[in-house]
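One-letter residues, chain by chain:
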Amino acid sequence: MYLEKLVIDNIKRIRKEKGISQERLAEACNTATSYIGLMEIYKNVPKLSTIERIAEALGVDPLVLFLDKNKTSDEKEAKIQRIKDGILSVIEKEIDTILHSQ
């Protein structure tokens, strides 16, 4: 169920970000507007072939619909923090070296 919700949430988020109505998305995917509406409230779960058509209509790679944006952001923040910590460590060592060499 996690993946179903994730994919549907991503479809809905991207659709809204791009200013695409449910009706327009349905037309581009050759499906009913009611299907898109029911999907966005978790009453319909799209098949992989439908996910591919939706991704094409949204102009994104289908894999994007399976990405957890929150998890991706957390991973990026953690990586940035590790880089910052590494840089600070190097700077502190350089400062210690300079202070102790005088």
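Up top is the structure.
Residues numbered from 1 in each chain as written. Predicted model: local features only at pLDDT ≥ 70, side-chain atom pairs only at ≥ 80, totals over all residues. Heavy atoms only, no water.

**Describing helix H3 (residues 33-40)**
Part 1: Turning to H3, its buried residues number three or more, namely Tyr35, Ile36, Gly37, Met39 and Glu40.
Part 2: On its buried face, H3 sits against helix H1 (2-17), helix H2 (22-29) and helix H4 (48-58). (Buried < 20%, exposed > 50% of the residue type's maximum accessible area, 1.4 Å probe, protein only. Helix = DSSP H or I, 4+ residues; strand = E, 2+ residues; numbered from the N terminus. Contact = heavy atoms within 4.5 Å.)

**Things to note about the pattern of salt bridges**
Part 1: Considering all chains together, one arrives at three salt bridges under this definition.
Part 2: Among the salt bridges present, the one from Asp9 reaches Lys5, with a minimum N-O distance of 2.7 Å. Placement of both Asp9 and Lys5 in helix H1 is noted, with a separation of four residues, approximately one turn of the helix.
Part 3: The class for Asp9 is partly exposed, based on a relative accessible area of 27%.
Part 4: Judged by its relative accessible area of 43%, Lys5 falls in the partly exposed class.
Part 5: A salt bridge links Arg15 to Glu40, with the shortest nitrogen-to-oxygen separation between them at 2.6 Å. In this pair, Arg15 sits in helix H1 while Glu40 sits in helix H3, placing the two residues 25 residues apart along the sequence. Pair check on accessibility: Arg15 and Glu40 agree, each one buried. (Salt bridge = Lys/Arg side-chain N within 4 Å of Asp/Glu carboxyl O.)

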